[in-house]
Amino acid sequence: MRKQTGNSRLQKDRVRKMFTVKINGEERQYPQGATYEDAANDYQEKYDDLIALAARDGKIRELFKKLTRDCEITFFTLKDDVGHKTYVRSATMLFLKAVFDVFGRDAVQSCRVEFAIGNGSYISPKGQFAATKENAEKIRNRMQALVEAKTPFLKRAYSLDNAMELFHAEGMKDKEKLFHYRRGSFVNIYEMDGYYDYYYGYMLPNAGYVKWFDVLAYDEGFMLLLPDKKEPTQVKPFVEQKKLFQTLKESEEWGRKIGIETVGDLNDQICSGSLSELILVQEAQQERKIGEIAKDIVDRGGVKFVMIAGPSSSGKTSFSHRLSIQLKTLGKMPHPIGLDDYFVNRELTPRDENGDYNFECLEAIDVKQFNEDMCRLLAGERVELPSFNFKTGKREYKGNFKQLGPDDILVIEGIHGLNEKTSYALPEESKYKIYISALTNINIDEHNRIPTTDGRLLRRMVRDARTRGADARRTISMWASVRRGEEQNIFPFQEDADAMFNSVLIYELAVLKQFAEPLLFQIDKGEPEYYEAKRLLKFLEYFLGVTSESLPNNSLCREFVGGSCFNV
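Residue indices follow the written sequence of each chain, beginning from 1 at its first position. This being a predicted model, a pLDDT of at least 70 is required before a residue's local features are given, and a value of 80 or more before pairs of side-chain atoms are given or counted; all residues contribute to the totals for chains, interfaces and linings. Hydrogens and water are ignored here; the side-chain numbers use all heavy atoms of the structure.

Helices and strands together make up the secondary structure of the protein, namely 17 helices and 21 strands. The reference for a compact globule is 2.2 Å times residues^0.38; the radius of gyration itself is calculated from the C-alpha atoms. Here the C-alpha atoms of the protein give a radius of gyration of 27 Å, agreeing with the 24 Å that 2.2 N^0.38 yields for 568 residues. If one aligns the C-alpha atoms of the protein with their principal axes, the spans along those axes are about 105 × 55 × 45 Å. Relative accessibility thresholds used throughout: buried, under 20% of the residue-type maximum; exposed, over 50%; partly exposed, between the two (1.4 Å probe, protein chains only). Put simply, the protein has 568 residues, and 52% of those count as buried. Long-range pairs, those at least 24 residues apart, make up 72% of the contacts in the protein with a sequence separation of at least 6. All accessible-area figures derive from a Shrake-Rupley calculation using a 1.4 Å probe, and residue coverage is judged against the displayed protein chains alone. For the protein, the exposed surface amounts to about 25500 Å²; the carbon and sulfur share of it is 47%. Secondary structure elements follow DSSP: runs of H or I no shorter than four residues count as helices, runs of E no shorter than two count as strands, and numbering proceeds from the N terminus. In what follows, residue pairs with any heavy atoms lying within 4.5 Å of each other are defined as contacts.

Strand β17 (residues 408-413) sits mainly inside the fold: five of its six residues count as buried. Strand pairing requires that DSSP identify at least two bridges connecting the strands. Sheet topology places strand β13 (residues 305-309) next to β17; four bridges connect them, and they run parallel. Looking at β17, one finds that M307 is bridged to I412. Pairing analysis gives six bridges linking strand β14 (residues 333-338) to β17, with the strands arranged parallel. Each residue of the ladder has a partner; that of I337, found in β17, is I412.

As a further point, take the side chain of D445. With respect to the helices and strands, the residue D445 is situated in strand β19 (residues 443-445). What makes D445 buried here is its relative accessible area of 0%. Polar side-chain contacts of D445 include one of 2.9 Å to the backbone nitrogen of H447. Polar contacts, as counted here, are pairs of nitrogen or oxygen atoms within 3.5 Å of one another; within protein the pair requires one atom able to donate a hydrogen and one able to accept it, and residues that are adjacent in sequence qualify only if both atoms are side-chain atoms.

Let us look at the packing of helix α13 (residues 452-467) against helix α14 (residues 472-489). Where α13 contacts α14, the two axes come as close as 10 Å, and the packing angle between them is 130°. As judged from the angle between their axes, α13 and α14 are oblique. For the crossing formed where α13 meets α14, the hand is right-handed. Packed against α13, whose contacting residues are T453, R456, L457, R460, M461 and D464, the element α14 presents A472, T475, I476, M478, W479, V482, R483 and E486 at the interface. Its residues placed into classes, the contact of α13 with α14 shows seven nonpolar, two polar and five charged. An axis is simply a line fitted to the C-alpha atoms; with a helix, the fit covers only the stretch in contact. Between two such axes, the angle follows the N-to-C directions and lies from 0 to 180 degrees. Just so you know how the angles are binned, under 35 degrees is roughly parallel, over 145 roughly antiparallel, 65 to 115 roughly perpendicular, and the rest oblique. Throughout, a crossing is termed right-handed when the near helix is turned clockwise from the far one, and left-handed when it is turned anticlockwise from it by less than a right angle. Polar here means any residue other than Ala, Val, Leu, Ile, Met, Phe, Trp, Tyr, Cys and Pro, which are nonpolar, and Asp, Glu, Lys and Arg, which are charged; Gly is therefore polar.

Think of a sheet as strands paired side by side through backbone hydrogen bonds, with each pair either parallel or antiparallel. Across the sheet, which stays open at both edges, the five strands sit in the order β2-β1-β5-β3-β4 with mixed pairing between neighbours. The open sheet has two edge strands with one neighbour each: β2 (26-31) and β4 (59-62). Adjacent strand axes in the sheet meet at a mean angle of 40°, parallel and antiparallel pairs treated alike. Note that strand β1 (residues 18-23) and strand β5 (residues 71-77) share three bridges and pair parallel. Looking across to β5, one finds that I23 is bridged to I73.

All right, on to the pairing of strand β15 (residues 383-389) then. Of all seven residues in β15, five are buried; the element is thus mostly enclosed. In this antiparallel pair of consecutive strands, β15 and strand β16 (residues 394-402), the connection spans four residues, and G393 shows a positive phi of 75°.

Note: pLDDT gives the predictor's confidence per residue, expressed from 0 to 100. Looking at the protein, the pLDDT average stands at 94 and 97% of residues meet or exceed 70. Confidence over residues 1-6 falls short of pLDDT 50; this stretch has two contacts with residues more than four positions distant or in other chains.

Bringing the environment of K289 into the picture now. Assignment of secondary structure puts K289 in helix α10 (residues 275-300). When the C-alpha atoms of K289 and P31 are compared, they prove to be 63 Å apart, with 258 residues separating the residues in sequence. Beyond its immediate sequence surroundings of up to four residues, K289 is in contact with E250, M500 and F501.

Each aromatic ring pair is specified by the distance between its two centres and by the angle formed by the two planes. By convention, a stacked pair of Phe, Tyr or Trp rings (six-membered ring in the case of Trp) has centres within 6.5 Å and planes under 30 degrees apart, an edge-to-face pair has planes over 60 apart, and any other such pair is tilted. Scanning the model with the defined rule gives 26 aromatic pairs in all. With a centroid separation of 5.4 Å and an interplanar angle of 85°, the aromatic rings of F76 and Y531 are classed as edge-to-face. Here F76, found in strand β5, pairs with Y531, found in helix α16 (residues 530-540); they are 455 residues apart in sequence, far enough to count as distant. Judged by its relative accessible area of 13%, F76 is buried. Connected via pairs of aromatic rings, a cluster forms that spans F115, Y122, Y218, F238 and F245. We call a charge positioned above a ring when the Lys NZ or Arg CZ atom is no farther than 6 Å from the ring centre and deviates by at most 35 degrees from the ring normal. A cation over an aromatic ring shows up here: R156 above the ring of Y158, its NZ or CZ 4.5 Å from the ring centre. Positioned above the aromatic ring of Y357, the side-chain terminus of R351 is 4.1 Å from the ring centre.

Another point: the pattern of salt bridges. Salt bridge, as used here: a side-chain nitrogen of Lys or Arg that lies within 4 Å of a carboxyl oxygen of Asp or Glu. The full count for this structure, using the stated rule, is 51 salt bridges. For D454, the salt bridge identified is with R535, shortest N-O distance 2.8 Å. With D454 in helix α13 and R535 in helix α16, this residue pair connects regions lying 81 residues apart in the sequence. For D454, a relative accessible area of 2% translates into the label buried. Overall, the relative accessible area of 15% leaves R535 in the buried class. Linking E487 and R483 is a salt bridge whose minimum nitrogen-to-oxygen distance equals 3.8 Å. Of the two residues, E487 and R483 are both situated in helix α14; the distance of four residues between them amounts to about one turn of the helix. Residue classification places E487 among the partly exposed residues on the basis of a relative accessible area of 33%.

Rolled over the atoms, a probe with the dimensions of a water molecule shows which regions are left empty. Cavity means a closed set of points on a 1 Å grid over the protein atoms alone, one where a 1.4 Å probe fits but cannot get out, pocket means an open set with protein on both sides within 12 Å along at least 5 of 7 lines, and lining means a residue has an atom within 4 Å of a point. Grid points are joined across faces, edges and corners, and a volume is the space filled by probe spheres set on the points. A full pass over the atoms with the stated rule returns one cavity of 30 Å³ or more. Here the largest cavity defines a volume of roughly 70 Å³. Along its surface, the largest cavity is lined by T440, N441, I442, G455, V504, L505, I506, E508, L509 and F543. Split by residue class, the lining of the largest cavity holds six nonpolar, three polar and one charged.

This paragraph deals with the environment of I189. By the element assignment, I189 lies in strand β9 (residues 186-192). Linking I189 and N441, residues 252 residues apart in sequence, is a C-alpha distance of 25 Å. Once residues within four sequence positions are removed from consideration, I189 is found in contact with L154, K155, R156, Y158, A163, L166, F167, Y196 and D197.

Phi angles above zero are rare outside glycine, and D57 is one such case at about 55°. Along the polypeptide, D57 turns up in the loop between β3 (51-56) and β4. For D57, a relative accessible area of 40% puts it in the partly exposed group. In the Ramachandran plot, D219 falls in the positive-phi region, its phi being about 55° despite a non-glycine side chain. As for its position among the elements, D219 is in the loop between β11 (214-218) and β12 (221-225). Relative accessible area serves as the criterion here: at 43%, D219 is assigned to the partly exposed category.

Here it is as structure tokens:
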């Protein structure tokens, strides 16, 4: 037998190192060393939106990763939730890299990604450099230069000790503290041309993908404006929301005053054994705020209808009970009413584009009957109020009569409470509107904020499992529909509120962790909700878990984990 030459072996080796990749039912061959981005480029024209990530065998892969074997892959675009989050994350690092280049290391160390307002992320430089129009332009121009250069996002695994040393040297002590509580041995760190940072989640291959953004100077910081996932190539003009911005800013400042701005700070507090004191301080702070709102209602005079609205799992029911108690201490007689009791009968409920009942729209409420009843009450008449039977889908009357005296106030809770069309017949001076939401006031670290929606989703997941027998998969599957209803029916009216209340508890994610993790682990690979479940499980890993035993029985958190003294 003829001996195989070196060149022949090399040629055979090259032939052998080809991978068969199945995409959209079609098979293609890719050589060793090819990346998911190579495959994405081959299929990009078949997609209406920019491909951001790939998935192989139930695991998400960044596009710069190399193909290593025969496989079947799917793609996520910027219109997918995971793709949009990746775009936001990459754009945030791009912003901070620009700050690093223009203003230096100390400036980027001080920057904090605070919260989101509409399509803008508010980033505060904490006084290291001025939030001026000129500086916003400098950052924008540097970002654009990095985009044009297609500066790559490089990912590298560091041992935990080396990662802590790196960020200690970079002056990012919040990340050093975060990694102190990490259970794994390694951590992935991203680099952009000499700038190092850590991000909770995936990244795009390079800055060239981050084509759509704007930077504005706002208040004491900057707004990084980005597209939403509905229109991923359009940056809409910034719409100012002064009341919401102020509420978020106050919450951030309160966290700073008590020394808890990041998950690492919270974990330190738990380890020190002083969590019980933190719970009492937080509950007292919320009670003080509720008392201030109650006093404002009474001092205004003539208020007969308190309208409470907020998105899903914002704690509206517990809040309305606690507000009622505060009103009683001021000599008023509050009576709770749920707008849900004015649902039209099931057969009259509008349906959405999928043919399902749309309980979120205003037309699902008998607005005419509600206004007639409220006007009669305002006139001093005795009125029988309905209750809605959710099992039969019918409105019922069971002798619930009300008549308003001089000190009586109706506390009305429902998602449409801030919409003027809901209470069109009532005099403006008779109404006091309150917007409530769980506005997260703690970050993973300075550059990784926790989206408000994540906290609310975990709240709802835990409550749905406890009170409705719904599993986490169902809660996650419904969440996009719930969010659409909020965007249509609640958020457009939040600035019309007379008062805003932040129901988030700075410690609550450490409590929810114990209840949420077992629910999330029940979602199997292959189910559409699997990727979101994995993301949330990774997110919860950052927190040290604590029991709910120390929570007061009137805590807003009790509405979700159980044990409330209120009928929630």
